[in-house]
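# Geometric and topological summary
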Amino acid sequence: MKILNQKYNRHSKTFEIVEDGVFVIEKTSNTNNEYKVHFEDIGTEEFILNKKKDSAITILLLSLLFNAIFSCYIIFQEFEIPDKYLLLILNACLVPFYIVIGIYWSEFKNESIKVLKSKNPINFFYREKERKEVNDFITLIKESKKQFFINQYYKVDNLIPIDVQKHRIHWLYENKYISESDAKFILDELESKRIIEGK
C-alpha cells in the first residue's frame, strides 16, 4: 500500500509514497493543492487535532429557527390566514434556516485529523473507521524514510570525503536507522579505505 485515498464530504486527499518523499494531493470543491514533502522534511512526531462543534453557528441556527416560528405566528395573527396553510407558511419561513443548515452542516460534526509533523503539512482524516489504515500508512512512511536514508548514506562512496561519510554513519546509528553492528561494519570499511589511500 503505497497510496492512501481519503474522502470526507467534498474534500478528498491522496497520499503517495514516492522514492524520496510523500506526494500529497488535496482537493475541495474550489481548490486543488499538490505538493511533495521530502523525507528530509518529515519528522517523527504525530498528534491528533479534534475539531468541535462551532457554538456561534448553533446560536445562529437557533436564532433563525425562533425568528422563523415567530414570523410565522405574526403572519397568521396579522393576516388571519386559514389553518390549512399553516404548514406552507411555516416551511416558507424556515427557508433561511434550511439554507444555513445546508451550508454549515459539516460544522456540526466532530472531526479528527492526525498530523505527521513536517515542513509542509501531512494531515490525515482520522475518523474511527480509518484509524488503522492511517496508522499503517504513517508506519509505512516512516519505514520508507528509513530505507531512503539507508540507501543514501549506508555505503562507501569514492567521491565523498571519509569524514563526511563517517558522520553520516553516526547519524544513521543515532537515529536508529542501523544497528550498532552495521555501523561498526561500515566504519571499519571506511577506515580500511582511508588506510589504503594513505589519508
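Residues numbered from 1 in each chain as written. Predicted model: local features only at pLDDT ≥ 70, side-chain atom pairs only at ≥ 80, totals over all residues. Heavy atoms only, no water.

Ordered in space as β5-β6-β7, the three strands form an open sheet in which the pairing is antiparallel. Strands at the two margins of the open sheet, each flanked by one partner only, are β5 (42-51) and β7 (122-125). Going across the sheet, the axis of each strand differs from the next one's by a mean of 20°, ignoring polarity. Pairing of β5 with strand β6 (residues 111-118), which is carried by seven bridges, proceeds in the antiparallel orientation. In the sheet register, N50 faces β6, and the bridge partner there is S112. (Pairing = 2+ DSSP bridges. Helix = DSSP H or I, 4+ residues; strand = E, 2+ residues; numbered from the N terminus. Axes fitted to C-alpha atoms, helices over the stretch in contact; angles between N-to-C directions.)

With that settled, consider the pattern of salt bridges. Any two side chains of opposite charge can pair if their charged atoms end up close together. Following the criterion strictly, the structure yields eleven salt bridges and no others. Here D41 ties to K119 by a salt bridge, and the two come within 3.9 Å at their closest N and O atoms. With D41 in the loop between β4 (32-38) and β5 and K119 in the loop between β6 and β7, the pair connects residues that are 78 residues apart, well separated along the chain. Judged by relative accessible area, which is 67%, K119 ranks as exposed. (Salt bridge = Lys/Arg side-chain N within 4 Å of Asp/Glu carboxyl O. Buried < 20%, exposed > 50% of the residue type's maximum accessible area, 1.4 Å probe, protein only.)

Below, the discussion takes up the packing of aromatic side chains. All told, the structure shown has eleven aromatic pairs when counted by the stated rule. Between F15 and F137 the ring centres are 6.5 Å apart and the planes differ by 50°, which places this aromatic pair in the tilted class. Taken together, the residues span a long stretch of sequence, with F15 in strand β2 (residues 11-18) and F137 in helix α4 (residues 131-153) at a distance of 122 residues. Judged by relative accessible area, F15 falls into the buried class, the value being 0%. Given a relative accessible area of 0%, F137 falls into the buried group. Taking 5.4 Å as the distance between ring centres and 65° as the angle between the ring planes, the aromatic pair formed by F148 and F149 counts as edge-to-face. (Phe/Tyr/Trp six-rings, centres within 6.5 Å; stacked < 30°, edge-to-face > 60°.)

The next point concerns the packing of α4 against helix α5 (residues 162-174). The contact between α4 and α5 brings their axes to 10 Å, and the two run at 160°. As far as their axial angle goes, α5 and α4 are roughly antiparallel. The hand of the α4/α5 crossing is left-handed. Each of F149, I150 and Y153 in α4 lies in contact with α5, whose residues at this interface are R168, I169, W171 and L172. For the contact of α4 with α5, a count of residues per class yields six nonpolar, no polar and one charged. (Parallel < 35°, antiparallel > 145°, perpendicular 65-115°, else oblique. Left-handed = near helix turned anticlockwise from the far one by under 90°. Contact = heavy atoms within 4.5 Å. Nonpolar A, V, L, I, M, F, W, Y, C, P; charged D, E, K, R; others polar.)

All right, on to α4 then. In a regular helix each residue adds 1.5 Å, so 23 residues correspond to 33 Å; α4 covers 33 Å between its end C-alpha atoms and thus fits that length. Turning to α4, its buried residues are V134, F137, I138, L140, I141, S144, K145, F148, F149 and I150. (Expected span 1.5 Å × (residues − 1).)

Moving on, we get to the sheet that holds strand β3 (residues 21-27). The strand order across the open sheet built from four strands is β1-β2-β3-β4, with neighbouring strands paired in antiparallel fashion. Each having just a single partner strand, β1 (3-8) and β4 make up the two edges of the open sheet. Adjacent strand axes in the sheet meet at a mean angle of 10° when their direction is disregarded. Sheet topology note: the β1/β2 ladder contains six bridges and is antiparallel. By the bridge assignment, I3 is partnered in β2 with E16.

Here β7 shows no split at all, with I122 and F124 on one side and N123 and F125 on the other all buried. Here four bridges tie β6 to β7, and the two strands are oriented antiparallel to one another. For I113, the partnering residue across the bridge sits in β7 and is F125. Hairpin connection of β6 to β7: three residues between the antiparallel strands.

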